Amino acid sequence: RCSSGNVPGKLVFGMSSPSATGQKIVAAGYKSILNVGAIVQVSAIDDYMIEILQGETMLIALAIAVTDFQKANDFYSKTFGLESTGSYNDRAMSGLQEQFYADPAGGAAVVIQHYNQGEWNYKDNPMKTLWRVDDPATALMKVMAMGGTLVSPPTALPAFNNKLTAIAKDADGYLLELVQK
């Protein structure tokens, strides 16, 4: 079972009132990790972390916890054309390293993160990301060339209006759905 004690990935949302939103989530039975007004963290289903920041209501970012920080940064930036918007290192937070990427198509940001201290479970966690791509076969070849593995070749999926969708895994076992635009 995954838990926030060993899976450091998180979802980051913007809300007009992070503190009030956090209080509602805690009242619904979830555990408060941090509530300092403009930044709130709670453990959600299966203990994944949700972080709420002051801002426009939206999904801001998805943080992906990885085993090899540099290799994962190369993988996501080169495979999906993500543009780096900065980094963050905090030795006080278990040696947390983060690299932030903007989606050139305007979707939620992706944050690659790694903790250098403590024991963390980075492998085969039950998480997937969905990527809109021009050509799933070409995107799948890029994923595999960068060290990913094939799960399913491009197939028309009813869930995506029969658009071609390939499924792969990155080096840590996160599922990647590559859906034709």
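All residue numbers refer to position in the chain's written sequence, counted from 1. At least 70 in pLDDT is required for a residue's local features to be given in this predicted model, at least 80 for side-chain atom pairs to be given and counted, and no such filter applies to totals for whole chains, interfaces and linings, which use all residues. Excluding hydrogens and water, the side-chain figures rest on all heavy atoms present in the structure.

Brief notes about unusual backbone geometry
Line of reasoning, step 1. A positive phi is found at Asp124, a non-glycine position, where the angle reads about 55°.
Line of reasoning, step 2. Numbering goes from the N terminus for both helices and strands, where a helix is a DSSP run of H or I of at least four residues and a strand is a run of E of at least two. Looking at the secondary structure, you find Asp124 in the loop between strand 8 (109-115) and strand 9 (128-133).
Line of reasoning, step 3. Of note, Asn161 is a non-glycine position whose phi angle comes to about 55°, a positive value.
Line of reasoning, step 4. When you line up the elements, Asn161 lands in the loop between strand 10 (149-157) and strand 11 (163-169).

Some points on a nonpolar patch on the surface
Line of reasoning, step 1. Patches here are clusters of residues that have more than 30% relative accessible area and form no salt bridge, with a 9 Å joining cutoff for like charges and a 5 Å cutoff for nonpolar side chains (Val, Leu, Ile, Met, Phe, Trp, Tyr). Computed by Shrake-Rupley with a 1.4 Å probe, the accessible areas treat only the displayed protein chains as cover when residues are assessed. Here a salt bridge means any side-chain nitrogen of Lys or Arg lying within 4 Å of a carboxyl oxygen belonging to Asp or Glu. On the surface, Ile33, Leu34, Val36 and Ile39 cluster together into a nonpolar patch covering about 300 Å² of accessible area.
Line of reasoning, step 2. As for its placement among the helices and strands, Ile39 is situated in strand 3 (residues 39-43).
Line of reasoning, step 3. Here's how the labels work: a residue is buried when its accessible area is under 20% of the maximum for its type, exposed when over 50%, partly exposed in between, all with a 1.4 Å probe on protein chains only. On the basis of relative accessible area, Ile39 is assigned to the partly exposed category, the value being 33%.

With respect to the pairing of strand 8
Successive residues of a regular strand alternate their side chains across the two faces of the sheet.
Line of reasoning, step 1. Across the 7 residues that make up strand 8, a large majority, 6, are buried.
Line of reasoning, step 2. When DSSP finds at least two bridges between two strands, those strands are taken to pair. Relative to strand 8, strand 5 (residues 58-65) runs parallel, the two sharing 5 bridges. When the sheet's bridge partners are listed, Ala65 is paired in strand 8 with Gln113.
Line of reasoning, step 3. One ladder, built from 6 bridges, connects strand 7 (residues 96-102) with strand 8; its direction is antiparallel. What sits directly across from Gln97, in strand 8, is His114.

Some words on the packing of aromatic side chains
Here the distance between the centres and the angle between the planes together describe a pair of aromatic rings.
Line of reasoning, step 1. Planes of paired rings set the category: under 30 degrees apart is stacked, over 60 is edge-to-face and the rest tilted, where pairs are Phe, Tyr or Trp rings (Trp by its six-membered ring) whose centres lie within 6.5 Å. This model, assessed by the stated rule, comprises 5 aromatic pairs.
Line of reasoning, step 2. Grouping aromatic residues by their ring pairs yields a cluster made of Phe75, Tyr76, Phe80 and Trp131.

A short note on the environment of Ser19
Line of reasoning, step 1. For Ser19, the location among the structural elements is in helix 1 (residues 18-27).
Line of reasoning, step 2. Along the primary structure Ser19 and Ile52 are separated by 33 residues, whereas in three dimensions their C-alpha atoms are 8.4 Å apart.
Line of reasoning, step 3. Residues in contact with Ser19, not counting those within four places in the same chain, are Asn35, Gly37 and Val40.
Line of reasoning, step 4. Among the polar contacts listed, one links the side chain of Ser19 to the side chain of Asn35, at a separation of 3.3 Å. Contacts: residue pairs with any heavy atoms within 4.5 Å of one another. Two N or O atoms count as a polar contact when they lie within 3.5 Å, although within protein this holds only if one can serve as hydrogen donor and the other as acceptor, and sequence-adjacent residues are included solely when both atoms are side-chain atoms.

Here we look at the nonpolar core
Line of reasoning, step 1. Formed by 27 residues in total, the largest nonpolar core has its most connected members in Ile64, Tyr76, Phe80, Ile112, Trp131, Leu176 and Leu178.
Line of reasoning, step 2. Broken down by element, this core gets its largest block of residues, 5 residues, from helix 2 (residues 69-80).
Line of reasoning, step 3. Among all residues touching Leu176, those that are not within four sequence positions of it are Phe75, Tyr76, Phe80, Thr129, Trp131, Val143, Ala166, Ile167, Ala168, Lys169 and Asp170.
Line of reasoning, step 4. Val42, Ala44, Ile50 and Ile52 belong to the second-largest nonpolar core, a separate cluster that totals 5 residues. In this description, a nonpolar core means a group of buried Ala, Val, Leu, Ile, Met, Phe, Trp, Tyr and Cys residues linked to one another through side-chain atoms lying within 4.5 Å.

By themselves, these observations are geometric and do not establish any function.
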